[in-house]
Amino acid sequence: MSRKIRVLIAKPGLDGHDRGAKVIARALRDAGMEVIYTGIRQTPEQIANAAIQESVDIVGISSLSGAHNSLFPKVVHILKEKKADDILVFGGGIIPVDDIPSLKQAGIREIFLPGASTEDIIKYIKENVKVQSPNFK
Amino acid sequence: MSKNIHDELAHWEKTTLQKTLSKSPEREPSFKTTSHIELKRLYTPLDLAESDYCGELGFPGEFPFARGVQPTMYRGRFWTMRQYAGFATAEETNKRYKFLLEQGQTGLSVAFDLPTQIGYDSNHPLADGEVGKVGVAIDSLKDMEILFDGIPLDKVSTSMTINSTAAILLAMYIAVAEKQGVKSEILQGTIQNDILKEYAARGTYIFPPLESMRIVTDLFAFCKEHVQRWNTISISGYHMREAGCTAVQEVAFTIADGIAYVEAAIRAGLDVDSFASRLAFFFCCHNTFIEEVAKFRAARRLWSKIMKERFKAKKDDSCMLRFHTQTAGCSLTAQQPDNNVVRVAFQALAAVLGGTQSLHTNSRDEAYALPTEDSVRIALRTQQIIAYETGVADMIDPLGGSYAVETLTNEIEKKAIDYIEKIEAMGGAIKAIESGYIQGEIGESAYQYQKEIERKKRIVVGLNQFQIEEGPLKETLRIQPEVEQYQKEKLAKVKKERDNQRVKETLAALKKAAQGSENIVPPILGAVKAYATLGEISDILREVFGEYRER
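Residues numbered from 1 in each chain as written. Chains lettered and ligands numbered in written order. Predicted model: local features only at pLDDT ≥ 70, side-chain atom pairs only at ≥ 80, totals over all residues. Heavy atoms only, no water.

### Here we look at the sheet that holds strand E6 (residues 158-160) of chain B
Residues and elements named next belong to chain B. Just so we agree on the cut-off: The pairing criterion is simple: DSSP has to find at least two bridges between the two strands. Helix numbering and strand numbering both begin at the N terminus, where a helix is a DSSP run of H or I of at least 4 residues and a strand a DSSP run of E of at least 2.
With parallel pairing, 5 strands are arranged side by side in an open sheet as E4-E5-E6-E7-E8. For this open sheet the edge positions go to strand E4 (84-85) and strand E8 (230-231), each flanked by a neighbour on one side alone. As judged from the 3 bridges shared by strand E5 (residues 108-110) and E6, these two strands associate in the parallel manner. Across the sheet, residue Val110 finds its bridge partner in E6, namely Met160.

Have a look at this one:
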């Protein structure tokens with residue numbers, strides 16, 4: 001029997017637009033995942049630390065203020081430094097399509113843009129996170 | 001007469017209507033607005049049979065202002081066309097303002113970047129990646145001088161979307177005006193200064209609620225003496241609506257916040273008629289056209305009654321709900337973005353039919369980025385077409401008297417009152433925000449809305465129906481990363497050239513005022529004039545007032 005997928009939804013930087021982050025957090029919960037939402041104004045360090053402390057499988061980061069190029073890669077980088085790069089990172093928000101290749105290059109696995117449905121995100125997580133009960137590890 | 005209509009309506013339902021319904025049922029079993037108001041198929045004089053025209057609607061420019069706040073409305077002067085703008089540096093934004101004024105815009109509206117809104121200088125570690133992104137970066141009076149260079153502050157009115165740091169930015173504006181030889185007494189404009197909705201939705205708070213409310217009321221008191229024509233607050237439903245609440249919730253939460261501000265000002269010793277006429281409001285205009293028109297009318301009537309009956313305001317001006325409108329950013333789609341031009345046009349028309357005093361129309365490309373100059377021009381032209389071509393501005397409140405509009409106006413007002421009473425029972429808006437009630441209500445509505453879209457209960461053209469294969473938008477505005485470096489260098493230069501002794505003294509004076517009960521705006525003005533930076537001034541206040549942390 002597999003355990004529940006654990007997800008951290010996070011808002012890096014100073015952006016206060018968290019409608020999307022909250023809607024996604026709730027949709028993932030309704031889809032049977034365990035979700036922690038950080039609240040707004042988190043630094044990349046705080047997000048990486050929370051991800052490790054909460055032993056999540058995947059982190060979703062959202063920014064609508066245009067700071068993604070600077071902040072998203074830092075989250076991945078810090079996770080790597082702390083040897084927690086088995087935790088996947090995906091992102092979303094107001095992100096120009098031109099920025100996606102460099103974000104993926106930096107280790108952000110997927111980027112969801114305006115109009116993406118919560119179903120798309122649930123499907124993505126289920127396909128990419130493989131969880132097993134600790135007993136079977 | 002109404003008995004007759006009653007019989008005739010029953011007859012129509014039994015015969016003509018029934019015949020059609022039996023052959024072809026309606027699209028849905030029931031029709032509801034976004035605020036869950038069940039809509040009738042047809043509204044008739046019967047729905048308004050109880051209404052008292054003079055008491056509930058009255059005449060424009062008179063209590064209860066349901067039909068508009070000015071006696072001539074747009075026959076006298078169109079609403080102010082005010083596009084919210086700001087990005088990168090003061091230099092670049094100044095150019096955009098001059099472009100907008102050349103294109104016939106009639107007022108300025110400043111968008112600040114997030115570090116400016118949250119009290120960090122551009123070189124602060126938390127400003128990393130955010131400098132100049134969602135608005136213009138302002139670190140010191142120097143930037144503000146550049147922002148308004150060549151723009152006569154005695155001629156334009158300027159709205160500033162600034163809350164936690166409103167006192168600092170207003171002080172900078174006053175200082176720039178002074179350098180232009182313009183006295184503060186004649187300055188016209190607005191500071192948003194609505195901290196309560198920052199905790200509820202928008203997120204640019206710095207200090208705890210009580211300390212924040214002190215800054216708000218200090219600003220009321222200061223402006224009453226020195227900037228009498230300034231709107232000291234713009235009590236905003238916009239951001240709560242954008243965060244997902246319904247039209248009724250928008251009215252209710254905004255007015256509940258308004259009540260909290262009036263109470264705080266009265267507690268601070270101000271007479272209600274000395275400040276109430278400078279309170280302004282800010283609403284969103286979404287797609288559900290009739291509900292939106294009714295919403296504005298209901299808000300106006302409700303506020304006027306509260307001011308008169310509850311707060312015993314004597315002056316008519318104190319009871320007037322004057323408001324700015326912005327079209328709904330959250331209604332814009334990244335898919336088939338040109339369709340957004342149409343959405344914005346309908347929303348803008350509803351705002352005008354609802355009697356707005358000023359209007360911002362969103363641009364088609366804002367689901368991607370800040371708008372390009374071309375997109376902003378179309379948005380502004382949309383307002384100009386409504387003003388000059390449609391004729392809706394040539395009579396006052398043209399939808400007034402519509403059975404449907406009046407009924408919805410009544411229902412929205414009633415439902416908003418229910419909410420406000422619930423909030424009052426919790427101890428008022430501040431308590432309702434501290435307990436997370438308002439945030440919870442907003443979040444619940446946002447989630448339901450998203451689910452409706454995903455289940456296709458709500459159709460968004462181009463998003464969940466009528467889709468096409470398309471590539472991403474080609475041309476969008478990009479903020480160059482060099483902006484951050486440029487801004488940091490400018491800041492370092494200001495710090496090097498200013499009189500640091502004077503900075504120290506003025507900041508010490510501010511600290512003393514903040515620790516006591518003295519109005520903090522004059523010492524902020526002193527510090528700003530000495531080129532103390534926004535971050536330095538905010539740090540002093542953080543030290544004295546502490547910082548708010550989200551629950």
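### Notes on a nonpolar patch on the surface
How we decide: The residues that make up patches have over 30% relative accessible area and no salt bridge, and they are joined within 9 Å when like-charged or within 5 Å when they are Val, Leu, Ile, Met, Phe, Trp or Tyr. Here the Shrake-Rupley method, with its probe set to 1.4 Å, supplies the accessible areas, and only the displayed protein chains count as covering residues. Each reported salt bridge corresponds to a side-chain nitrogen of Lys or Arg within 4 Å of a carboxyl oxygen of Asp or Glu.
A cluster of nonpolar side chains, Ile459(B), Val461(B) and Phe466(B), forms an exposed patch at the surface whose accessible area comes to about 270 Å². Structurally, the position occupied by Ile459(B) is in the loop between helix H17 (437-454) and helix H18 (482-497).

### A few points about the pairing of strand E2 (residues 34-37) of chain A
By the bridge criterion, 4 bridges tie strand E1 (residues 6-10) of chain A to E2(A) in an arrangement that is parallel. Paired with Leu8(A) across the strands is Ile36(A), a residue of E2(A).

### Here we look at the nonpolar core
Residues and elements named next belong to chain B. Our working rule: In these notes, a set of buried Ala, Val, Leu, Ile, Met, Phe, Trp, Tyr and Cys residues joined through side-chain atoms within 4.5 Å is what counts as a nonpolar core. A 1.4 Å probe rolled over the protein chains alone gives each residue an accessible area, and that area as a share of the maximum for its type sets the label: buried under 20%, exposed over 50%, partly exposed in between. Contacts are residue-level and defined by heavy atoms, with any inter-residue pair within 4.5 Å sufficient.
Trp79, Phe220, Phe253, Tyr261, Leu279, Met307 and Ile438 are the most contacted members of the largest nonpolar core, which has 82 residues in total. Counting residues per element, this core draws most heavily on helix H10 (residues 247-267), at 12 residues. What Met307 contacts, discounting residues up to four positions off in sequence, is Val262, Val272, Ala276, Lys312, Ala313, Ser318 and Cys319. By size, the runner-up hydrophobic cluster in this structure holds 68 residues, among which are Ala167, Val494, Ala513 and Ile540.

### Structural notes on the sheet that holds strand E10 (residues 279-285) of chain B
Residue and element names in this part refer to chain B. Selection criterion: Axis definition: a line fit to C-alpha positions, over the contact stretch in the case of helices; interaxial angles, taken between N-to-C directions, run 0 to 180 degrees.
Read from one edge of the open sheet, 5 strands run E3-E12-E11-E10-E9, paired in parallel fashion. Edge positions in the sheet fall to strand E3 (80-81) and strand E9 (233-236), since each of these pairs with one other strand and no more. The pairing of strand E11 (residues 323-327) with strand E12 (residues 358-360) spans 3 bridges and is parallel. Within E12, the residue paired with Gln326 across the bridge is His360. Taken strand by strand, helix H13 (residues 339-353) contacts E10, E11 and E12, and its axis lies near 165° from that of E11.

### Thoughts on the side chain of His68(A)
Residue and element names in this part refer to chain A. By secondary structure assignment, the location of His68 is in helix H3 (residues 68-81). The exposure class assigned to His68 is buried, which follows from its relative accessible area of 3%. In this structure, His68 is in contact with Ser63, Pro73, Ile94, Ile95, Pro96, Asp99 and Leu103, ignoring residues within four places of it in sequence.

### Considerations on the domain arrangement of chain B
Residue and element names in this part refer to chain B. To keep things clear, this is the line we draw: The split of the chain into domains comes from an automatic or database domain assignment. Buried area, as used here, totals the accessible surface that two parts lose on assembly, with accessibility defined by a 1.4 Å probe and the loss added over both. Note on residue categories: nonpolar means Ala, Val, Leu, Ile, Met, Phe, Trp, Tyr, Cys or Pro, charged means Asp, Glu, Lys or Arg, and polar means any other residue, Gly included.
Domain boundaries assigned for chain B yield domain 1 (2-41) and domain 2 (53-454). The interface is formed by 6 residues belonging to domain 1 together with 10 residues belonging to domain 2. Surface buried jointly by domain 1 and domain 2 totals about 660 Å² across both partners, of which 62% is contributed by carbon and sulfur atoms. Of all residues in domain 1, the largest losses of buried area upon contact with domain 2 belong to Thr34, Ser35 and Ile37, amounting jointly to 74% of the total for that side. Counting every contact that joins domain 1 to domain 2 gives 0 salt bridges. Residue composition of the side of domain 1 that touches domain 2, by class: 2 nonpolar, 4 polar and no charged.

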